[in-house]
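Secondary and tertiary structure notes
Here are the chains, one letter per residue:
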Amino acid sequence: GGSASNSVNSNWILSNSGIGLQLNVSTGNQIANNQIRDNRTSAGIYVTDSSSDNVFESNDVDSNVGHAVFISATNSSIRDTFHKNNFRNNDTDGVFCDQNPGAGFDFSRNWWNTSDTTILKNRIWGAGRNAVRYTPFRLGLLDTSGGADTVAPRAPDTVAAVAVSQSSIKVTWSRSLLQEETLS
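No experiment lies behind these values; they were computed from the predicted model shown.

1. Re the sheet that holds strand E14 (residues 95-97)
Taken in spatial order, the five strands of this open sheet run E4-E8-E11-E14-E16, and their pairing is parallel. Of all the strands in the sheet, the pair left with one neighbour each is strand E4 (21-24) and strand E16 (124-125). As paired elements, E4 and strand E8 (residues 43-48) share four bridges and run parallel to each other. Residue Leu21 lies in a different strand from E8, and its bridge partner there is Ile45.

Structure, rendered in structure tokens:
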């Protein structure tokens, strides 16, 4: 059988001869604030066999052989969420998704070791690459330690640029009172 409603927090998952962390027939688990590094087979995180509704947040997935995350086509995993993670220095620095494109995986607000959208898009592989939503993404490395403040202010609603001279402009914006994760 699988696992449900478990929490895997603040662990060092490193230097395994295989996969770092594997979820198999797992639902509703919280995976947070872990260091997943230097694992030696296919991925730092491997999700397979009908695993769904799991949340991966504030993990540092670094220097693994293969992909940062591998989502297998075996028995359709769906709706897993990956937020505020660092994906860096893995062989591909990215995600391999072999699921149905309609499965829907939220990979927004992660640091992908680049701020170039073209490079980032090419770090998502597999038949289900269109099932991976990666925007908005972070523009720099996140502090993934437990208790870290990882919520940025929401982008301002009003931005204006006025020419001051032929070689300079003045940019102004309204202060945002909401956090980036607030919908209204």
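2. Things to note about the environment of Val61
Mapped onto the fold, Val61 is located in strand E10 (residues 60-62). Sequence separation between Val61 and Arg175 is 114 residues; the distance between their C-alpha atoms is 33 Å. Excluding anything up to four places from it in sequence, Val61 contacts Ile36, Gly44, Ile45, Ala68, Asn86, Phe87, Arg88 and Asn90.

3. Quick notes on a nonpolar patch on the surface
A surface patch of nonpolar side chains, amounting to about 440 Å² of accessible area, comprises Val159, Ile169, Val171 and Trp173. Tracing the chain through its elements places Trp173 in strand E19 (residues 168-173).

4. Some thoughts on the pattern of salt bridges
Counted according to the given criterion, the structure contains seven salt bridges. Close ionic contact of Asp62 with Arg37 constitutes a salt bridge, the shortest N to O distance being 4.0 Å. Here the residue Asp62 occupies a position in strand E10, and Arg37 occupies one in strand E7 (residues 35-37), the gap between them amounting to 25 residues. You can call Asp62 buried: its relative accessible area is 7%. Residue classification places Arg37 among the partly exposed positions, given a relative accessible area of 22%. For Arg40, the salt bridge goes to Asp38, with nearest N and O atoms at 3.8 Å. Relative accessible area serves as the criterion here: at 44%, Arg40 is assigned to the partly exposed category. Here Asp38 falls in the partly exposed class, since its relative accessible area comes to 28%.

5. A short note on the sheet that holds strand E3 (residues 12-14)
Where strands meet in a sheet, backbone hydrogen bonds hold them as pairs that are either parallel or antiparallel. Overall, parallel pairing links the four strands, which are arranged E3-E7-E10-E13 in an open sheet. On the outer flanks of this sheet lie E3 and strand E13 (86-88), each paired with one strand and no other. With strand direction ignored, the average angle separating the axes of adjacent strands in the sheet is 5°. Examined bridge by bridge, E10 and E13 share three bridges and lie parallel to one another. Across the sheet, the residue bridging to Asp60 is Asn86, located in E13.

6. Describing the side chain of Asn59
Mapping Asn59 onto the fold places it in the loop between strand E9 (55-57) and E10. Within the structure, Asn59 has its side chain in polar contact with the backbone nitrogen of Asn33 (distance 3.4 Å). At a separation of 2.9 Å, a polar atom in the side chain of Asn59 contacts the main-chain amide nitrogen of Asn34.

7. Focus: unusual backbone geometry
Note the cis peptide between Thr135 and Pro136, where omega equals -5°. Its place among the elements puts Pro136 in the loop between strand E17 (132-133) and strand E18 (159-165). Residues other than glycine seldom take positive phi values, yet Asp38 does so here, at roughly 55°. With respect to the element layout, Asp38 can be found in the loop between E7 and E8. Although it is not a glycine, Ser50 adopts a positive phi angle of roughly 60°. Overall, Ser50 belongs to the partly exposed group, its relative accessible area being 34%.

Basis of the calculations
- Residues numbered from 1 in each chain as written.
- Predicted model: local features only at pLDDT ≥ 70, side-chain atom pairs only at ≥ 80, totals over all residues.
- Heavy atoms only, no water.
- Pairing = 2+ DSSP bridges.
- Helix = DSSP H or I, 4+ residues; strand = E, 2+ residues; numbered from the N terminus.
- Contact = heavy atoms within 4.5 Å.
- Patch = residues over 30% accessible without salt bridge, like charges linked within 9 Å, V, L, I, M, F, W, Y side chains within 5 Å.
- Areas by Shrake-Rupley, 256 points an atom, 1.4 Å probe, with all protein chains shown as cover.
- Salt bridge = Lys/Arg side-chain N within 4 Å of Asp/Glu carboxyl O.
- Buried < 20%, exposed > 50% of the residue type's maximum accessible area, 1.4 Å probe, protein only.
- Axes fitted to C-alpha atoms, helices over the stretch in contact; angles between N-to-C directions.
- Polar contact = N/O pair within 3.5 Å; in protein donor to acceptor, adjacent residues only side chain to side chain.

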